[in-house]
Each structure stands twice: as structure tokens, then as C-alpha cells.
Amino acid sequence: MAAIAVPENTRVFLLDIEGTTTPITFVKDILFPYIRENLEEYLSAHWEEDECKQDVHLLKKQAEEDLRLNKACHVHAVDQTVHTDEEKAIREVVEGVLWQMAADRKSTALKQLQGHMWRAAYMTGKIKGQVYQDVVPAIRRWRHHGLKVYIYSSGSVEAQKLLFGYSVQGDLLDLFDGHFDTNIGAKVESKSYENIAERIGCQPEEIMFLTDVTREAKAAEDAGVSVIMVVRPGNMELTEEERKHYRIITSFSQLELSGNV
């Protein structure tokens, strides 16, 4: 594909992760299977530690809230202070977590436990974050020209920092000026992008957002943010209408900075 000129008023690049900086398969084929395959062993090893107790407590609260709202729920109410059969209690937590993952739940309780497991895996070298080869050289070039670079992902800020801090290309955290997750707002809501601009200290039109998800692109556009759609292997196919509407790249190297940027 041809080069795309970055608007001269651009001060900030805002980057999605999954399907943009990182193969979409990394989450599906590496991160999630790691949880499923190591969950019971992890809980058994850390069951009496405060952090693990807090994770289980949140899962219990989530289960109680689901029951109160009459939502479908597989998680048993687990109380570590009164359980008499540790293996049974751990098995109940495992079944509940696997059920949430199969249902594609995005509860805080689930994300917190997953984040703690991934942290241990990254720090011991069992997992390394994957980043497309064109990403790092492009970001270094942008920063050399004085632009700021931020990450905005539905994954927690901690998970983002683990991916880039323990990547196959080494520690890349110095490439980024900051990280945003859904605490700033949902990625499909335009207000979130206004909040990000305010937090950064710039106007929405001074931000260029790179994503592979059209609903996120529309929300950003509605906020006045400049948008580039990223097409990578395995990403959702764009419709003909979407291809006509959005500027599209297959590599960060296609973004061409103007002389005034």
C-alpha cells in the first residue's frame, strides 16, 4: 500500500495493541491458553498468599453479584476463611474462571487474576510479548521528530506494561509516554477519546489513533480524532464501504511525517 501523510498538526500517536502493534493471535493462542493450562497449579502454589486471597475474594463477590442480578453464573461462592477442603475450593475457582473465559466475560475479578498470572509468566520468561517488526522503528522515528506515543487498550495498564516490558524485542517501555485502559472509558465511546485528549493536554484533532476495530475508529472520529485503520493478518475483514471511508495501512512504516511535524 502507498504511504499516508500524517497531518501536520499531529502531536500524539495513540495506539491500540491487539491487531495493531501485536498479532491478534498472541492473546488467543498464547495468553489465554496459558491461563487455562496453568490455573490450577498457580492457585495451588499461591493459595495462602494475600494477593491470591484478594483475587479469590473478588471472584466470590462477582459470583454473588451475578446471582443477585440473576445472571448466568458458574462460579461457586468460595470463602477461604471457612473452607475445609482446599483442593475442592481451588477446583471451584478453576471451574468458575474457565466458565468466565469461555463466556468471554471481562469482569474486573477475572482480569485481575489473569494479570497476576501473566505477570509471573512474563517475569520468569515463560511468555514474551509479541510486537510486529515494523512497530519499534516507526515509534523511534516518531519520537525523534518530537511526537508523543501512548497506548490505549482494553487490557489493563499493568498487562500492557508487561507485554512491552518483557517483549521478544526487549524492554520497550521507554517508547511510550503513557498508557490508558478502560478506566478512562470504553474504547467504543467517543467521550473516552475526549478524556484522553484532556488527560494528555492536547486537542482531539492533534491525536492520530491507530486501530483495527471499526467501532473504535468511529468513536474516535466522532470525538474529532484522526484515525488510521490497521490491517494485519488475522484481523477482521473490512467492508468495501469501510475501505472507502478509512485510510488504511498494513505497516507502521507507511506513515509519512511531513516536514513540519
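These numbers come from a predicted model, not from an experiment.

What follows deals with the UniProt feature "binding site: substrate" (unreviewed entry) in the protein chain. Under the local residue numbering, the UniProt record ascribes the feature "binding site: substrate" (unreviewed entry) to S153, S154 and K187. With the annotated positions falling across 35 residues, the maximum pairwise C-alpha distance of 7.7 Å places them together in a single cluster. Among the secondary structure elements, S153 is positioned in the loop between strand 3 (148–152) and helix 6 (157–165). S153 sits in the buried class, given a relative accessible area of 9%. Excluding its chain neighbours within four sequence positions, the residues that come into contact with S153 are I17, Q160, F180, D181, T182 and K187.

A few words now on the UniProt feature "binding site: Mg(2+)" (unreviewed entry) in the protein chain. Per the UniProt entry, the sites bearing "binding site: Mg(2+)" (unreviewed entry) are D16, E18 and D212 in this numbering. With the annotated positions falling across 197 residues, the maximum pairwise C-alpha distance of 8.2 Å places them together in a single cluster. Mapping E18 onto the fold places it in the loop between strand 2 (12–15) and helix 1 (24–46). Judged by its relative accessible area of 33%, E18 falls in the partly exposed class. With residues near it in sequence (within four places) discarded, E18 still touches I24, V27 and D212. Relative to the assigned elements, D212 resides in the loop between strand 5 (207–211) and helix 8 (214–222). For D212, a relative accessible area of 8% corresponds to the buried category. Filtering out sequence-adjacent residues up to four positions away, D212 remains in contact with D16, E18, G19, T20, I24, M229, V230 and N235.

One finds F13, L15, L43, W142, L210, F252 and L255 to be the most contacted residues of the largest nonpolar core, which totals 55 residues. Residues from two domains meet in this core; each of domain 1 (4–22 + 129–257) and domain 2 (29–124) gives at least three. If we skip the residues at most four places from it in the chain, L43 touches C52, I90, V93, V94 and L113. In this structure, A219, A220, A223 and Y246 belong to the second largest nonpolar core, which totals 23 residues.

What counts as what
Residues numbered from 1 in each chain as written. Predicted model: local features only at pLDDT ≥ 70, side-chain atom pairs only at ≥ 80, totals over all residues. Heavy atoms only, no water. UniProt positions renumbered as here; feature names shortened; annotations may be inferred. Helix = DSSP H or I, 4+ residues; strand = E, 2+ residues; numbered from the N terminus. Buried < 20%, exposed > 50% of the residue type's maximum accessible area, 1.4 Å probe, protein only. Contact = heavy atoms within 4.5 Å. Core = buried A, V, L, I, M, F, W, Y, C linked by side-chain atoms within 4.5 Å. Domains from an automatic or database assignment.

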